[in-house]
Amino acid sequence: QAQLKAVQQTNAQLQSQVAELRSANDANWLNERRAEEVKSLVKEVLNDADTRASLLEGGMSAGHNGKNFFLASEDGSFLLKIAGQIQFRHIWAHQDNASDEDDTGFQVRRMKLKFSGHIADPKLTYAINLEGDRDGGEVSVYEVFFGYDLGNGWGLKAGTFKIPFLRQELISSSKQMGVDRSLVNEYFTLNYSDQVQLAYAADKFKLAFSISDGANGGLDDIGADAVDYALALRGELLLAGTWKQFDDVTAWSGDDTGLLLGAAIFFSEGDAANSGTADYTAWTVDASAEVGSLGLLIAYMGADIDPDSGTSVSPWGLLVEAGYQIISDKLEPFIRWEFIDHDSASFEDLEVLTF
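Residues numbered from 1 in each chain as written. Predicted model: local features only at pLDDT ≥ 70, side-chain atom pairs only at ≥ 80, totals over all residues. Heavy atoms only, no water.

**Thoughts on the pairing of strand β4 (residues 102-119)**
Here is step 1 of the chain: Here 16 bridges tie strand β3 (residues 79-94) to β4, and the two strands are oriented antiparallel to one another. Across the sheet, the residue bridging to isoleucine 91 is glycine 105, located in β4.
Here is step 2 of the chain: Pairing of β4 with strand β5 (residues 121-132) involves 8 bridges; the strand directions are antiparallel. Across the sheet, leucine 113 pairs through a bridge with leucine 130, a residue of β5. (Pairing = 2+ DSSP bridges. Helix = DSSP H or I, 4+ residues; strand = E, 2+ residues; numbered from the N terminus.)

This is how it looks when you write it as structure tokens:
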């Protein structure tokens, strides 16, 4: 019994020693595991910081490219361009035999903020352009679209933008000779519309085909426009010069001799559900030229208005506009002559000279 008791005591001591060793080993293992977890967490934090620093230092770029402010990803997959336009003027109008012969005042003619670029792929483009109303300053969207480059010169575009028709209307208001376009342009213009456009561009030829909600049909609700459908087709032929120089009507000192011919046709069918609607067909041909310091735009436009009731009319108009840089890239006087035949006994023919 004494020996058995001694063995039990020894065994108890050994078990106690094993327990102490196991506890110590478990603590060391736990400390090592915690250390590894802390190291892993620190590494993740440092990697995240490096990534954020990389985005700031090399993952994106920002600045001004001489034309627009921009934000872009380093790989070029994302791009946001920011631009704007302000036109301010003073007007004096005089009219004989009027109750108030003289009318004068200041006006902010245009105030625009423009956002454009591409998303995920340079082929997928977009634009959202805002404009402040000249009478009160209320801001609204006047143009919004997205497009996709289909390759081989083909492109698809959908949204609210200008119908491909009049040459002067398609030139940006920021690149006109005067602060306003011609009256004959405003008479025949189709303006903005909700539409889908398929376009093709080659070295010397461009073509655009549009299906839209009709003239002045931009940002309309379904059924709000006065037409069932509208179609437009415009083609341009570059006989000399470059496409870029015809973004405006000015012959800059660095421009080559250039000649651009254009033509377009438009048709819309009136919505029978809306009273007073009409089928409308319009056409235009135009020529733009730049020779030395002379910039020239000539356009003919006509239309056929066939109302549901009443008499059809076929108005037509002419536009000739020329500018000459007497001091290269600094001073350019211009003159504009225009004519409108309303084809109606209710209105006299209109002839206007602007300089």
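From this point, the narrative continues.
**A closer look at the environment of valine 285**
Here is step 1 of the chain: Of note, valine 285 is situated in strand β12 (residues 278-291).
Here is step 2 of the chain: Each C-alpha atom, one on valine 285 and one on arginine 167, is 8.7 Å from the other, the two residues being 118 residues apart in sequence.
Here is step 3 of the chain: Among residues more than four places away in sequence, those in contact with valine 285 are Gly262, Ala263, Ile298, Ala299 and Tyr300. (Contact = heavy atoms within 4.5 Å.)

**With respect to unusual backbone geometry**
Here is step 1 of the chain: Of note, the phi angle at alanine 120 is positive, near 65°, even though the residue is not glycine.
Here is step 2 of the chain: As for its position among the elements, alanine 120 is in the loop between β4 and β5.
Here is step 3 of the chain: Classification of alanine 120 as partly exposed rests on a relative accessible area of 49%.
Here is step 4 of the chain: Phi is positive for aspartate 343, close to 55°, though the residue is something other than glycine.
Here is step 5 of the chain: When you line up the elements, aspartate 343 lands in the loop between β15 (334-341) and β16 (350-354). (Buried < 20%, exposed > 50% of the residue type's maximum accessible area, 1.4 Å probe, protein only.)

**Regarding the pattern of salt bridges**
Here is step 1 of the chain: Considering all chains together, one arrives at 9 salt bridges under this definition.
Here is step 2 of the chain: Where aspartate 180 meets arginine 110, a salt bridge forms, and the shortest distance between an N and an O atom there is 3.6 Å. Of this pair, aspartate 180 sits in the loop between α2 (167-170) and α3 (183-188) while arginine 110 sits in strand β4, and the two are 70 residues apart along the sequence.
Here is step 3 of the chain: Taking relative accessible area as the criterion, aspartate 180 reaches 26% and is therefore assigned partly exposed.
Here is step 4 of the chain: A salt bridge links arginine 234 to aspartate 286; the shortest N-O distance between them is 3.1 Å. Residue arginine 234 is located in strand β10 (residues 227-240), and its partner aspartate 286 is located in strand β12; the two are separated by 52 residues in the primary sequence.
Here is step 5 of the chain: What makes arginine 234 buried here is its relative accessible area of 4%. (Salt bridge = Lys/Arg side-chain N within 4 Å of Asp/Glu carboxyl O.)

**Let's talk about the layout of surface pockets**
Here is step 1 of the chain: Estimates place the volume of the second largest pocket at around 300 Å³.
Here is step 2 of the chain: As for the second largest pocket, its lining consists of 23 residues, of which Leu190, Ala215, Asn216, Ser268 and Tyr280 are closest to the centre.
Here is step 3 of the chain: For the lining of the second largest pocket, the elements supplying multiple residues, two or more each, are α3, β11 (258-270), β12 and β13 (294-307). (1 Å grid on protein atoms, 1.4 Å probe; cavity = no way out; pocket = protein on both sides within 12 Å on 5 of 7 lines; lining within 4 Å. Points joined across faces, edges and corners; volume = space filled by probe spheres on them.)

**Details of the pairing of β12**
Here is step 1 of the chain: Judged from the 11 bridges that link them, β11 and β12 form a sheet pairing that is antiparallel. Looking across to β12, one finds that serine 268 is bridged to tyrosine 280.
Here is step 2 of the chain: Where β12 and β13 come together, 14 bridges link them in antiparallel fashion. Residue threonine 284 lies in a different strand from β13, and its bridge partner there is methionine 301.

**With respect to the environment of proline 307**
Here is step 1 of the chain: Among the structural elements, proline 307 can be located in strand β13.
Here is step 2 of the chain: Between the C-alpha atom of proline 307 and that of threonine 277, which follows or precedes it by 30 residues, the distance is 6.0 Å.
Here is step 3 of the chain: When residues no more than four places from it in sequence are discounted, the contact partners of proline 307 are Thr277, Ala278 and Ser312.

**Re the environment of leucine 150**
Here is step 1 of the chain: In this fold, leucine 150 is placed in strand β6 (residues 139-151).
Here is step 2 of the chain: C-alpha of leucine 150 to C-alpha of alanine 199: the two residues are 49 residues apart in sequence and 9.8 Å apart in space.
Here is step 3 of the chain: If sequence neighbours within four positions are ignored, leucine 150 has contacts with Gly155, Leu156 and Leu198.

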